[in-house]
Each structure stands twice: as C-alpha cells, then as structure tokens.
Amino acid sequence: MNSMKNGGALLKKLMGVSRMEGSAGVSLHGRVLNEIGQSIVRGEFLPGDQLPNADDWSAAYGVSRTVLREAIKVLAGKGMVESRPRTGTRVRQRRDWNFLDPDVLVWRYGSRTTIEEARSLFELRRAIEPTAGALAAQRATETQIAELRLLLIEMEKAGDDGERFAIPDLAFHQAILRMSGNELIGSLAALTETALVISFRLTDDNPEGQRHSLPLHRNVVESIAARDPDATSNALITLLDRAEEDVKSALAARSARKG
C-alpha cells in the first residue's frame, strides 16, 4: 500500500499551499517561483511579453539576483519562458508549456478554476483510464484485485470526509494504471498524479459528499475481477462522468458563495 502513503504525502503538500495556489513550497525560492508562475498562468504576462529585468524584480521581491535567476531557470525548464542575450526573458507560447508539470497544474487549477478548465482534466483522464482498466481486466493478478478491494474498504471508512477519501481514491486510480500490465501506461500513474489529486480536490464543496461514488468504484473492481474489459471500461467512464458532474456542482457552489 505504498501508493496510499505517497498519495497522502502529495495531498498534504497541495493542502499546505492555500487552496492550490502553488506547490513549489514556502521557501524564498519557492515563493518567488510561485508568484511569477501564477502571474504568467493568470495572463498578467502574455506570450511574447518580456519579463522585468533582474534588478527590478530583485528589488520588487526583496530577493537576490541568484534566487531570481534560479526561479527563471525552473520556469524555463517547464517551457514557460526563454532567456536570450540582448532580448532578455520572454514568455513562451502556451503550446510550449508543460501542462502536466505539477507546479503548472497547481498554478492553473487554483481558486479561479472554471468548469471549462476542469473539463480538460477529465478529458485527459477519459483518454487514459478506461483503456488501462480494460487491460487490467485481462492482466491483473488476484493479489492486485485484492488490493483494490482493500482500497474500497478505506474509502468506505472515510465516508464523506473528502480529504481522507481522496487518499485511497488516488491510490485506486493509480493502481488501475499499473495493473494494465503496460509499463508505458503504468508510468502515467506518476505523471498524472497531481492532475488526479486536483480533480479530487475540486469536489471539496460538493454538497453530496463522496459516499455516493462507492458503488461506482465497486463496479470497476467487480468488472476487473470478472475479467470483462468492456464492462470495466464502461464502469470507469461512468465513474469519471459522475466525478465531472460532482466537480461542476462544487464549482457552482463555490461561485454562488462568492456571488
């Protein structure tokens, strides 16, 4: 159940940064990285815009040029900016950004998340999970299926406690990717980890809680145990469809409170 421990650590990391406003940490370097990254993602700096020079930003943030250079270097690694002699540092086109980078995901899906943005998360999940589930129905071992059943028990114990429920839920979906028996798909478990957690976190305000999704998760497990690829794929699509509806309800509730 190492995936449970890893998922819990990631959830704590995301929860500790003020409702997903940045996951780079609270160090001086992390604070500067988060602020600049969020400014770019929010559109305060548009593609092609030149960022302020190092002296101006160092003064504005109260940090050394070294700290600022390190933050810019990290942003460049995420495909968000590029630095060239004589032209300075400019924001790259959005098509060049690594949108699956954990920090970019967190900056994008913060407190201002829209239904349209949430939809892209579920489109990503639908492109991967039903196929992985169909393969798992053909290849999963009895031990792996037993582990899924244990995760179901953990979800039942969590009830409608969203934060507690999300830990076994994350482990459940990652396990299915690995149970596909395809190493390339299995590697997506780590790649999409933050995207999964964010989609779970977006349901925090869901008035129906989490318990109603248990039968949907159980259908997935039973379909895998029955060695039925089509039923597993359909069960995962149904689960994801309902999860997206939950996110829409949660975002609507959040918008109503702000209004």
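Every value quoted in this text rests on a predicted model; they were computed, and no experiment measured them.

Asker: It is not clear to me how empty space enclosed by the protein should be interpreted in this structure. Could you clarify?
Answerer: Over the atoms, a rolled probe matching the size of one water molecule traces out where space is still vacant. According to the stated counting rule, one finds two cavities of 30 Å³ or more in the structure shown. Its boundaries defined by the atoms lining it, the largest cavity holds a volume of some 190 Å³. Counting only elements with at least two residues in the lining of the largest cavity, the list comes to helix H6 (115-139), helix H8 (162-179), helix H10 (193-201) and helix H12 (229-258). Top contributing element to the lining of the largest cavity by residue count: H12, with six residues. For the lining of the largest cavity, the per-class residue count stands at eight nonpolar, seven polar and five charged. By volume, the second largest cavity is sized at about 60 Å³. Ranked by the residues each element gives to the lining of the second largest cavity, the list is headed by H6, at four residues.

Asker: What is the right way to look at the pattern of salt bridges in this model?
Answerer: Charged atoms that come close allow side chains of opposite charge to pair. Enumeration over the complete set of coordinates arrives at 18 salt bridges. One salt bridge connects Arg 227 with Glu 142, and the closest N-O pair in it is separated by 3.1 Å. Remark: Glu 142 occurs in helix H7 (residues 142-158) and Arg 227 occurs in the loop between helix H11 (214-225) and H12; sequence separation between them is 85 residues. Since its relative accessible area comes to 56%, Glu 142 is described here as exposed. We note a salt bridge from Arg 218 to Glu 156, for which the minimum N-O separation is 2.4 Å. Here Arg 218 is found in helix H11, whereas its partner Glu 156 is found in helix H7, with 62 residues between them in sequence. Residue Arg 218 is classed as partly exposed on the basis of its relative accessible area, which comes to 30%.

Asker: How do you make sense of helix H9 (residues 183-191) when you look at a structure like this?
Answerer: An α-helical turn contains 3.6 residues, so any two residues separated by three or four positions project in the same direction. Every buried residue belonging to H9 is among Ile 185, Gly 186 and Ala 189, and all of these are buried. Projected down its long axis, H9 shows its buried positions confined to an angular sector of 105°, all on one face. Residues Glu 183, Leu 184, Ser 187 and Ala 190 are exposed on H9 and point more than 90 degrees away from its buried face. Tucked into the core, H9 has its buried residues touching H6, H8 and H10. By the N-cap criterion, in which a side-chain oxygen at the helix start approaches the backbone nitrogen of a residue two or three places on, H9 is capped by Asn 182, the distance to Leu 184 being 2.8 Å.

Asker: Where do I start with the nonpolar core in this structure?
Answerer: It is characteristic of soluble globular proteins that their nonpolar side chains tend to be buried jointly. Of all hydrophobic cores here, the largest spans 28 residues; its most connected members are Leu 148, Phe 172, Ile 176, Met 179, Val 220 and Ile 224. Among the secondary structure elements, those contributing two or more residues to this core are H6, H7, H8, H9, H11 and H12. No other element matches H8, which puts seven residues into this core. In this structure, Ile 224 is in contact with Gly 133, Ala 136, Ala 137, Ala 140, Ile 145, Leu 148, Ile 176, Met 179 and Thr 232, ignoring residues within four places of it in sequence. Within the second largest apolar cluster, 21 residues are counted, among which are Val 32, Val 41, Val 63 and Val 67.

Asker: What exactly am I supposed to notice about the packing of aromatic side chains here?
Answerer: Each aromatic ring pair is specified by the distance between its two centres and by the angle formed by the two planes. Inspection of every chain in the model, using the stated rule, returns three aromatic pairs. With 5.8 Å between their ring centres and 80° between their planes, Trp 57 and Tyr 61 make a pair best called edge-to-face. Separated by four residues within a single helix, Trp 57 and Tyr 61 lie in helix H3 (residues 54-61), roughly one turn from each other. Residue classification places Trp 57 among the buried positions, given a relative accessible area of 8%. Tyr 61 gets classed as buried once you look at its relative accessible area, which sits at 17%. Judged by centre distance (5.6 Å) and plane angle (40°), the ring pair of Trp 97 and Phe 99 falls under tilted. Members of the aromatic cluster, connected to one another through ring pairs, are Phe 45, Trp 57 and Tyr 61.

Thresholds applied
- Residues numbered from 1 in each chain as written.
- Predicted model: local features only at pLDDT ≥ 70, side-chain atom pairs only at ≥ 80, totals over all residues.
- Heavy atoms only, no water.
- 1 Å grid on protein atoms, 1.4 Å probe; cavity = no way out; pocket = protein on both sides within 12 Å on 5 of 7 lines; lining within 4 Å.
- Points joined across faces, edges and corners; volume = space filled by probe spheres on them.
- Helix = DSSP H or I, 4+ residues; strand = E, 2+ residues; numbered from the N terminus.
- Nonpolar A, V, L, I, M, F, W, Y, C, P; charged D, E, K, R; others polar.
- Salt bridge = Lys/Arg side-chain N within 4 Å of Asp/Glu carboxyl O.
- Buried < 20%, exposed > 50% of the residue type's maximum accessible area, 1.4 Å probe, protein only.
- Arc of directions from axis to C-beta.
- Contact = heavy atoms within 4.5 Å.
- Polar contact = N/O pair within 3.5 Å; in protein donor to acceptor, adjacent residues only side chain to side chain.
- Core = buried A, V, L, I, M, F, W, Y, C linked by side-chain atoms within 4.5 Å.
- Phe/Tyr/Trp six-rings, centres within 6.5 Å; stacked < 30°, edge-to-face > 60°.

Such coordinate-based values are descriptive only and should not be taken to indicate function.
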